[in-house]
Amino acid sequence: MVKPIVPVRMDDVVRLKKGHPCGTNAWKVTRVGMDIGLECSGCGRRVMLVRSEFDRRYNGHVSHARGDGYDADHGGSENLS
Ligand SMILES: [Zn+2]
């Protein structure tokens, strides 16, 4: 049984199941690969989690990096009615 891999990209901001002791629970993704690099957006502390550990701790996105998953441009300009 394979768990789905959490889709993250550089510069995404994610929540983990446990926030940082500084009181913030928003982590900016600084590296994606075998390990996931995260930077606490409260105090700037950087941590590295192995991919499987990150997937276990992941608890949702706070924001996505520019253009990640939102290809809104495909439909042309917005409809200004
Ligand atoms: Zn922190």
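Residues numbered from 1 in each chain as written. Predicted model: local features only at pLDDT ≥ 70, side-chain atom pairs only at ≥ 80, totals over all residues.

Brief notes about the sheet that holds strand 2 (residues 27-31)
Inference 1: One open sheet accounts for 5 strands, arranged 4-3-2-1-5; its pairing is antiparallel. Two strands in the sheet have a free side with no partner beyond their single neighbour: strand 4 (46-50) and strand 5 (58-63). Across the sheet, the axes of successive neighbouring strands diverge by a mean angle of 40°, strand direction being ignored.
Inference 2: Bridging between strand 1 (residues 13-16) and strand 2 involves 2 bridges; their strand directions are antiparallel. In the strand pairing of strand 2, V14 is matched with W27. (Pairing = 2+ DSSP bridges. Helix = DSSP H or I, 4+ residues; strand = E, 2+ residues; numbered from the N terminus. Axes fitted to C-alpha atoms, helices over the stretch in contact; angles between N-to-C directions.)

Thoughts on the confidence of the model for the chain
Inference 1: Looking at the chain as a whole, its pLDDT mean stands at 85, while 78% of the residues score no less than 70.
Inference 2: The model gives residues 70-77 a pLDDT under 50, and that stretch makes 1 contact with residues more than four places away or in other chains. (pLDDT = per-residue confidence, 0-100. Contact = placed C-beta atoms within 7 Å.)

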